[in-house]
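What follows is each chain in one-letter form.
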Amino acid sequence: MENKIKKSVATLLAHIIKIDDRDIEKETPLFCKLMEMDFGCSPEEAKTFLKETLQEEYDLDEHIAIINDALCDDKLSKMHILEQLNHIIYSDTITPDDYEEFEKIKKALFSC
């Protein structure tokens, strides 16, 4: 289950990078740092998660559901995920779409 959560959190964080068409080289160190702090990912493993997510199609709602299933009663961990998402959002120019996406994800994470 931990691998599924790791993949889902990585997808959630990479999602912001992907939808904003951000500079991957600039965002990679922060992404790797966040994945290392929470999941002990090596930089290589985190870069692989980021690269795969940016190249493949994914269902964000499915990944949010996986996180919800694993952390349904753990609001503190969900808040921590949102904090990480904010770090990604604030690492570059912020747009109104970023706020919209953040609110959509926040609502979905706290749906259970």
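What comes next is a walk through the structure. The structure displayed is predicted, hence computed values, not measured ones.

Inspection of every chain in the model, using the stated rule, returns 0 aromatic pairs. When the ring centre of Phe-110 is taken as reference, the NZ or CZ atom of Lys-78 above it lies at 5.5 Å.

Any two side chains of opposite charge can pair, given that their charged atoms come close. Applying the stated criterion to the full structure yields 9 salt bridges. The partner of Lys-7 in a salt bridge is Glu-52, and the shortest N-O contact between them spans 3.8 Å. Of this pair, Lys-7 sits in helix α1 (residues 2-19) while Glu-52 sits in helix α3 (residues 43-55), placing them 45 residues apart in sequence. Note on Glu-52: relative accessible area 36%, which makes it partly exposed. Between Arg-22 and Glu-27 there is a salt bridge, and its shortest N-O distance comes to 3.8 Å. According to the relative accessible area criterion, Glu-27 is buried, its value standing at 1%. Residues participating in the shared-partner salt-bridge network are Asp-20, Arg-22, Glu-27 and Asp-98.

Turning our attention to the nonpolar core. Looking at soluble globular proteins, one finds that nonpolar side chains tend to be buried together. Grouped together as the largest cluster of nonpolar side chains are 30 residues, with contacts concentrated most on Leu-12, Leu-13, Phe-31, Met-35, Leu-85 and Ile-105. Here this core gets 8 residues from one element, more than from any other, and that element is α1.

Bringing the environment of Lys-33 into the picture now. Structurally, Lys-33 can be placed in helix α2 (residues 24-39). Through-space distance from the C-alpha of Lys-33 to that of Glu-52 is 17 Å; in sequence the pair is 19 residues apart.

Another aspect to go through is the side chain of Arg-22. Within the secondary structure layout, Arg-22 lies in the loop between α1 and α2. Take Arg-22: its relative accessible area is 5%, and that puts it in the buried class. Polar contacts involving the side chain of Arg-22 include one to the main-chain carbonyl oxygen of Ile-88, which spans 2.6 Å. Not counting residues up to four positions away in its chain, the partners in contact with Arg-22 are Ile-16, Ile-17, Glu-27, Ile-88, Ile-89, Ser-91, Asp-92, Thr-93 and Asp-98.

Take the side chain of Gln-84 next. You can see Gln-84 is positioned in helix α5 (residues 75-90). Dropping the residues within four chain positions of it, Gln-84 is found in contact with Val-9, Leu-13, Leu-34 and Asp-38.

Glancing now at the packing of α1 against helix α4 (residues 60-71). Viewed as axis vectors pointing N to C, α1 and α4 meet at an angle of 135°, and their least axial separation amounts to 9 Å. Classified by the interaxial angle, the pair formed by α1 and α4 is oblique. For the crossing formed where α1 meets α4, the hand is left-handed. Together, Lys-4, Ile-5, Lys-7, Ser-8, Val-9, Thr-11, Leu-12 and His-15 of α1 and Leu-60, His-63, Ile-64, Ile-66, Ile-67 and Ala-70 of α4 make up the contact between the two elements. Partitioning the contact of α1 with α4 into residue classes produces 8 nonpolar, 4 polar and 2 charged.

What counts and what doesn't
- Residues numbered from 1 in each chain as written.
- Predicted model: local features only at pLDDT ≥ 70, side-chain atom pairs only at ≥ 80, totals over all residues.
- Heavy atoms only, no water.
- Phe/Tyr/Trp six-rings, centres within 6.5 Å; stacked < 30°, edge-to-face > 60°.
- Lys NZ or Arg CZ within 6 Å of the ring centre and 35° of its normal.
- Salt bridge = Lys/Arg side-chain N within 4 Å of Asp/Glu carboxyl O.
- Helix = DSSP H or I, 4+ residues; strand = E, 2+ residues; numbered from the N terminus.
- Buried < 20%, exposed > 50% of the residue type's maximum accessible area, 1.4 Å probe, protein only.
- Core = buried A, V, L, I, M, F, W, Y, C linked by side-chain atoms within 4.5 Å.
- Polar contact = N/O pair within 3.5 Å; in protein donor to acceptor, adjacent residues only side chain to side chain.
- Contact = heavy atoms within 4.5 Å.
- Axes fitted to C-alpha atoms, helices over the stretch in contact; angles between N-to-C directions.
- Parallel < 35°, antiparallel > 145°, perpendicular 65-115°, else oblique.
- Left-handed = near helix turned anticlockwise from the far one by under 90°.
- Nonpolar A, V, L, I, M, F, W, Y, C, P; charged D, E, K, R; others polar.

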